[in-house]
Amino acid sequence: MADNTEYLKNLSEALRARSEWLDKSELPKLKEVLRSYQTGFASLYNLYLKKGLLNEDPYKQEVKIGELEVPETGPLNEAKKLDQLSLRFSNYDTQMDFLVNFYQFSPDYLNLDRLKRIANLIKFIDWVHLTPDSQSPNTKAAAEMTAQIKAGTDSLTMNVITQSLSNLNKQFNPIMSYLKSLVDYRRELYKLELRESVISQMPAAEASQLPLIKKKFSQVNHGQPFYQELADEVLKEDSSNEGQALKEKILAGLKVAEVKPKVVKQVIPLKTTLLDGIVGLGGTAQAFADISAKMNENQTVLESRKKGVWEKIKKVLNQMLHKQPDAVVYELEYSDPVKNVQVRDRINYVSFKNDLDRKIKTLNSISGKSAGLSKLESMADDQLISFLERNIRDLQTLHKTLTALDDFFKAAVAKEDREKIKGIKPELATIKNAILRANSKRHEYSAQKDEEEQLRKLGVKPEN
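What this report covers is the structure whose coordinates are included nearby. (Residues numbered from 1 in each chain as written. Predicted model: local features only at pLDDT ≥ 70, side-chain atom pairs only at ≥ 80, totals over all residues. Heavy atoms only, no water.)

1. Observations concerning the packing of helix H14 (residues 381-412) against helix H15 (residues 425-457)
Packed helices, taken two at a time, are described by their axes: the angle between them and the distance between them. The test is simple: As a rule, the C-alpha atoms of each element are fitted with a line to give its axis, helices using only the stretch in contact, and angles between N-to-C directions run from 0 to 180 degrees. Helical segments are the DSSP runs of H or I of at least four residues, strand segments are the runs of E of at least two, and each set is numbered from the N terminus. Small angles under 35 degrees read as roughly parallel and large ones over 145 as roughly antiparallel, with 65 to 115 read as roughly perpendicular and the rest as oblique. Left-handed describes a crossing in which the near helix is turned anticlockwise from the far one by less than a right angle; the clockwise case is right-handed. Under the convention adopted here, Pro, Cys and the residues Ala, Val, Leu, Ile, Met, Phe, Trp and Tyr are nonpolar, Asp, Glu, Lys and Arg are charged, and Gly plus all remaining residues are polar.
Viewed as axis vectors pointing N to C, H14 and H15 meet at an angle of 155°, and their least axial separation amounts to 10 Å. Judged by the inter-axis angle, H14 sits roughly antiparallel to H15. Judged by the sense of rotation from one axis to the other, the crossing of H14 with H15 is left-handed. Within the contact of H14 with H15, the residues separate by chemical class into ten nonpolar, four polar and eight charged.

2. Topic: helix H8 (residues 243-254)
To keep it simple, the criterion reads: To estimate how far a helix should reach, multiply one less than its number of residues by 1.5 Å. Three exposure classes are used, based on accessible area relative to the maximum for each residue type with a 1.4 Å probe and protein chains only: buried under 20%, partly exposed in between, and exposed over 50%. The arc in question is formed by the directions pointing from the helix axis toward the C-beta atoms. The criterion used for residue contact is that any of the two residues' heavy atoms lie within 4.5 Å.
With twelve residues, H8 ought to run about 16 Å at 1.5 Å a step, and its terminal C-alpha atoms sit 17 Å apart, in line with that. Along H8, the residues classified as buried are Gly 243, Lys 247, Ile 250 and Leu 254. The arc enclosing the buried residues of H8, seen along the axis, measures out at 60°, which places them on a common side. Opposite the buried face of H8, by more than 90 degrees, sit the exposed residues Gln 244, Ala 245, Lys 249 and Ala 252. Here the buried face of H8 lies against helix H1 (5-50), helix H5 (155-197) and helix H7 (228-239).

3. Focus on the packing of aromatic side chains
The line we're drawing: Centre distance within 6.5 Å is the pairing criterion for rings of Phe, Tyr and Trp, where only the six-membered ring of Trp is used; planes under 30 degrees apart are then read as stacked, over 60 as edge-to-face, and the remainder as tilted. Whether a charge sits over a ring comes down to the Lys NZ or Arg CZ being within 6 Å of the ring centre and within 35 degrees of the ring normal.
Enumeration over the complete set of coordinates arrives at 19 aromatic pairs. Judged by centre distance (6.2 Å) and plane angle (85°), the rings of Tyr 349 and Phe 409 are edge-to-face. With Tyr 349 in helix H12 (residues 349-365) and Phe 409 in helix H14, this residue pair connects regions lying 60 residues apart in the sequence. Here Tyr 349 and Phe 409 have matching classes, each one buried. Here the aromatic cluster, defined as three or more aromatic residues joined through ring pairs, consists of Phe 41, Tyr 45, Tyr 48, Phe 89, Tyr 92, Phe 124 and Trp 127. Between Arg 114 and the ring centre of Tyr 109, over which it is positioned, the NZ or CZ distance is 3.9 Å. One residue, Lys 247, lies across the ring of Tyr 7, its end atom 5.1 Å from the ring centre.

4. Regarding the pattern of salt bridges
Filter applied, for reference: What makes a salt bridge here is a side-chain nitrogen of Lys or Arg within 4 Å of a carboxyl oxygen of Asp or Glu, nothing more.
For the coordinates displayed, the defined rule picks out 34 salt bridges. When the shortest N-O distance is used, the salt bridge between Asp 407 and Lys 425 registers 4.0 Å. Here Asp 407 is found in helix H14, whereas its partner Lys 425 is found in helix H15, with 18 residues between them in sequence. When salt bridges that share partners are traced, they join Arg 187, Glu 188, Lys 191, Arg 195, Glu 229, Glu 233, Glu 237, Asp 238 and Lys 247 into one network.

5. Here's the deal with empty space enclosed by the protein
Note the following rule: Here a cavity denotes grid points, spaced 1 Å and computed from the protein atoms alone, that fit a 1.4 Å probe unable to get out, and a pocket denotes an open set having protein on both sides within 12 Å along at least 5 of 7 lines; residues with an atom within 4 Å of a point are the lining. Grid points are joined across faces, edges and corners, and a volume is the space filled by probe spheres set on the points.
For the coordinates displayed, the defined rule picks out one cavity of 30 Å³ or more. Surrounding the largest cavity, Arg 35, Gln 38, Thr 39, Asn 433, Leu 436 and Arg 437 form its lining. The set of elements that each furnish at least two residues to the lining of the largest cavity consists of H1 and H15. Taken together, the residues that form the lining of the largest cavity break down as one nonpolar, three polar and two charged.

6. Section: the nonpolar core
Here is the rule: Residues belong to a common nonpolar core when they are buried Ala, Val, Leu, Ile, Met, Phe, Trp, Tyr or Cys residues joined through side-chain atoms within 4.5 Å.
Of all hydrophobic cores here, the largest spans 56 residues; its most connected members are Leu 30, Tyr 48, Phe 89, Leu 99, Trp 127 and Ile 175. For this core, the elements supplying multiple residues, two or more each, are H1, helix H2 (81-102), helix H3 (112-122), helix H4 (137-150), H5 and H8. Among all residues touching Phe 89, those that are not within four sequence positions of it are Phe 41, Tyr 45, Tyr 48, Leu 54, Ile 125, Asn 138, Ala 142 and Met 145. Among the nonpolar cores identified, the runner-up in size contains 44 residues, and Val 301, Leu 332, Leu 384 and Ile 431 belong to it.

7. Looking at the layout of surface pockets
The volume enclosed by the largest pocket comes to roughly 2200 Å³. For the lining of the largest pocket, the secondary-structure elements that each account for two or more residues are H1, H2, strand S1 (329-336), strand S2 (341-348), H14 and H15. For the lining of the largest pocket, a count of residues per class yields 20 nonpolar, twelve polar and 15 charged. Computed from the structure, the second largest pocket encloses a volume of approximately 1400 Å³. Surrounding the second largest pocket, 43 residues form its lining, Thr 39, Ser 43, Val 160, Thr 430 and Arg 437 being those nearest its centre. Those elements that provide at least two residues to the lining of the second largest pocket are H1, H5, helix H9 (270-282), helix H10 (285-303) and H15.

8. Let's talk about the environment of Ala 414
Tracing the backbone shows Ala 414 in the loop between H14 and H15. Exposure remark for Ala 414: the relative accessible area of 30% places this residue in the partly exposed category. Spatially, the C-alpha atom of Ala 414 lies 8.5 Å from that of Leu 302, the residues being 112 residues apart in sequence.

Here's what the structure looks like:
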């Protein structure tokens, strides 16, 4: 085999530079487009649930994920189609949430196996070719459900569908492009490590024989996958007549283009980023309004049940304690994610509903081109970020209380009345996604602000 000393030195340096570039430039972009992709799916998934085309998974919140797993993609059993689809889409929603919000994005962590898992997760449904005659059972089902929702739906829902499908289609190619760049890097890194830790430790007479390389690899790298295709490439690059040309092509492909310093042009004003986050929260007004209506119905079902003497006494005591004749007090249970314990709390339902209705009015006033939004546009940046952070906290608190109320109503009514209780999981998911997007805008603003400050220190003034 040829002397690879110089090539391995150049390859190692090229891979180091490539890793830094991927980490600083490409991985943040990949995560952003994945977030947009996940948001597009979540919006459609919530519509499927809301329209009754899929069932909620009662065990969804109990799922613990250690590694990404692509849900089942095989044929559906017609007799169990609804249950199977509901489970598949619920699992997919959970996996995408885990990928976007909890997965580690670094060149070292994203090995070939993990990159393959991400790619297969993105291909779980072919949104680019969403047709009812698709050979993919999941894609076919998504196409059929989407068509059902479109038929005779209102303009607001149609806009959600159109925007979601547009996001899913638009982000597919960029995601696959970023993944390919990462795969190319990991392939060459694998080949470098194969040369250094395996082939270089073998006698020259054995180092060109694939079965012996595989055997040595299994001894050195217990439990690690052996990629025969990449081992073949190594032998071809190191032993064939075209090896030198192949090596030059690899080094050229790994080379990171030098970026010349230039004046940063601030295309989007910082204030716009904050306003986008605020408007996104305002868009939850309808979800909260739907929840409010469902909570009223659930409360009516619960309060109309036959009350015993002790329940009547407790109600009178609650009314006296809260000094409100119409007080309706419920004891809720929350899960504290920090301490990993259950926390009990008592709320006056009437007061809570009044607060919720006031919040809906506030959210309506900051959605779209309302008068409230015009007033916000005249505020200073520090006022806007304070307003955004306060509303994020308010919505997080409401989301926690409403989640607990949803569980409370389902558990508190008699068994024969449970089917009368209306769940709010789709609306809660919509609100959660809006909070995540608003938080993302807040972080984006902070990053832009920090970058602007650094440029000023360097004497470079961003253009507005």
